[in-house]
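For reference, the chains in residue letters:
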Amino acid sequence: MKKIAFIAGIALTSGLAGSASAQLVAHKDLSVTTAVAIAQTAVQTCKAQGYNVSVHVLGRSGEVLVAMRGDDTGPHTLENSMKKAWTARAQRAPSVNFANAVKTNPTAGALHLTNMVPAQGGLPIMVGEDVIGAVGVSGAPGGDKDEACAKSGIDKVAADLK
Amino acid sequence: MSKIAFRIAGISLGAAVAFAVAAPADAQLLTHKDLSVAAATAIAMTAIETCKTQGYNVSAHVLGREGQIVVAIRNPAAGFATFENSMKKAYTARTTRAPSGKFAETVKGNPNAAQFFLTNFVAAQGALPIMVGQDTIGAIGISGAPGGDKDEACAQAGIDKVSAELR
């Protein structure tokens, strides 16, 4: 019994002295209000410019926070907006960067991963240097126009992204 | 092309044109009202905010006429299963054209109801069909409150918010 207690004591001590790398990870993540504001602003900005678009806002793990199907949009736009956002989240960069990269390297390994798409219109959502999610837009006549609406969504909540 | 084949083709074409011109009345296109993204978002966010006011974090789905997602909102403050569940409740309400709670009532004591063999049916209260008159144009599903009745009340608040537009 004494021996067992001694062993338990060692275990407890090790637990208390846990290495620094065992500390929990502190995260900021998108709230439902913020995510919806980003998506809705993107839809409305494009609408004001005469474009109907669909939008996805994904979270840190690529999970869907908001999916929004625009009025009279093509049926592929909801999927495409998700994939653009996924690409931006995964690469921590605008999806256009990936589009440019595969122009010179059409056999890029990432093309074989699920949900990666070499198309402009997805932007990472950042808190400082930390990528906490992404927004993807699809439906405007040109990825640059999709991206501009995605940007307007992020700008709308810029003050809260800290 | 042989003369005969040409003649047959000509007859067929002529017949087709005649049919098209004399199309029966029931061949007219359908006229539909459908949810706009603005209306769908208003419904979903009103439901989420109503539940939040009551102390409940919920996720929401608004589905359209074909069960397609119009707006899907995951509430990170709610359990992660709520996202899927809100979709399934909405799907159930859309396809049965009735509150999902009614389906739950119907299958009580019938755990092998045929609908359980279909995708996305769920026997749980918390979703309502979105109606324009007698026409079901979509559904809203809510999940996350402690009780389907509370989910449903928030869904109702969402629909009430845009009731003036639902015509």
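Fair warning: this is a prediction, and the values are worked out from it, not measured in the lab.

**A closer look at helix α2 (residues 37-53) of chain B**
At step 1: Here α2 of chain B contains 17 residues, and its C-alpha end-to-end distance of 24 Å stays within 8% of the 24 Å for a straight helix at 1.5 Å per residue.
At step 2: In terms of burial, α2 of chain B is largely enclosed, as 13 of its 17 residues are buried.

**Regarding the confidence of the model for chain A**
At step 1: A residue-level look at chain A finds 88% of positions with pLDDT of 70 or above and a mean pLDDT of 91.
At step 2: Here residues 9-13 of chain A is a poorly scored stretch, pLDDT under 50, and it has zero contacts once near neighbours within four places are set aside; other chains count.

**A few points about the interface of chain B and chain A**
At step 1: Each partner contributes residues to the interface: chain B has 14 residues there, and chain A has 18 residues.
At step 2: If you tally residues by element for the side of chain B that touches chain A, the top one is strand β2 (residues 69-73) of chain B, at five residues.
At step 3: Here the side of chain B that touches chain A is composed, by residue class, of nine nonpolar, four polar and one charged.
At step 4: Summarising the sheet, strand β2 (residues 64-68) of chain A and β2 of chain B pair through three bridges and their orientation is antiparallel. Counted as the bridge partner of Ala67 of chain A is Ala72 of chain B from β2 of chain B.

**A short note on the sheet that holds strand β1 (residues 59-63) of chain B**
Strand pairs in the sheet, formed through backbone hydrogen bonds, run parallel or antiparallel to each other.
At step 1: Judged by pairing direction, the sheet is antiparallel, and its eight strands sit side by side in the order β3(A)-β4(A)-β1(A)-β2(A)-β2(B)-β1(B)-β4(B)-β3(B) without closing on themselves. The outermost strands of the open sheet, each flanked by one partner alone, are β3 (122-127) of chain A together with β3 (127-132) of chain B. Neighbour-to-neighbour, the strand axes of this sheet turn through a mean angle of 15°, independent of strand direction.
At step 2: Contacting β1 (54-58), β2, β3 and β4 (130-138) of chain A together with β2 of chain B, helix α3 (residues 76-91) of chain A runs over the sheet at an angle of about 150° to β4 of chain A.
At step 3: Sheet strands touched by helix α5 (residues 143-156) of chain A: β3 and β4 of chain A. Its angle to β4 of chain A, the strand with the most contacts, is close to 135°.

**Considerations on the packing of helix α2 (residues 32-48) of chain A against α5 of chain A**
Residue and element names in this part refer to chain A.
At step 1: Contact geometry of α2 with α5 gives a least axis separation of 7 Å together with a crossing angle of 135°. Regarding the angle of α2 to α5, the classification is oblique. The two elements α2 and α5 cross, and the hand of that crossing is right-handed. Within the contact between the two elements, α2 uses Ala37, Ile38, Ala39, Thr41, Ala42, Thr45 and Cys46 and α5 uses Cys149, Ala150, Ser152, Gly153, Ile154 and Lys156.
At step 2: Counted by class, the contact of α2 with α5 contains eight nonpolar, four polar and one charged residues.

**Comments concerning the pairing of strand β4 (residues 135-143) of chain B**
All names here are of chain B.
At step 1: Pairing of β1 with β4, which is carried by five bridges, proceeds in the antiparallel orientation. Residue pairing across strands places Ala60 opposite Ile142, the latter belonging to β4.
At step 2: In this structure, β3 lies alongside β4, joined through six bridges in antiparallel fashion. Bridge pairing links Pro129 to Ala139 in β4.
At step 3: Between β3 and β4, which follow one another and run antiparallel, lie two residues, and Gly133 among them has a positive phi close to 65°.

**Considering unusual backbone geometry**
At step 1: In this structure, Arg92 of chain A takes a positive phi of about 55° despite not being glycine.
At step 2: With respect to the secondary-structure elements, Arg92 of chain A resides in the loop between α3 and α4 (95-104).
At step 3: The class for Arg92 of chain A is partly exposed, based on 13 C-beta atoms found within 10 Å.
At step 4: In the Ramachandran plot, Arg97 of chain B falls in the positive-phi region, its phi being about 55° despite a non-glycine side chain.
At step 5: Its place among the elements puts Arg97 of chain B in the loop between α3 (81-96) and α4 (100-106).

**Structural notes on helix α5 (residues 148-161) of chain B**
All names here are of chain B.
At step 1: For α5, which comprises 14 residues, the first-to-last C-alpha distance of 20 Å matches the rise-based estimate of 20 Å (1.5 Å per residue) to within 8%.
At step 2: Along α5, the positions that sit buried rather than exposed are Gly148, Lys150, Asp151, Glu152, Cys154, Ala155, Ala157, Gly158 and Ile159.
At step 3: Buried positions along α5 lie against α2, α4, β3 and β4.

Reading guide: rules and limits
- Residues numbered from 1 in each chain as written.
- Chains lettered and ligands numbered in written order.
- Predicted model: local features only at pLDDT ≥ 70, side-chain atom pairs only at ≥ 80, totals over all residues.
- Helix = DSSP H or I, 4+ residues; strand = E, 2+ residues; numbered from the N terminus.
- Expected span 1.5 Å × (residues − 1).
- Buried ≥ 20, exposed ≤ 12 C-beta atoms within 10 Å, placed from the backbone.
- pLDDT = per-residue confidence, 0-100.
- Contact = placed C-beta atoms within 7 Å.
- Nonpolar A, V, L, I, M, F, W, Y, C, P; charged D, E, K, R; others polar.
- Pairing = 2+ DSSP bridges.
- Axes fitted to C-alpha atoms, helices over the stretch in contact; angles between N-to-C directions.
- Parallel < 35°, antiparallel > 145°, perpendicular 65-115°, else oblique.
- Left-handed = near helix turned anticlockwise from the far one by under 90°.

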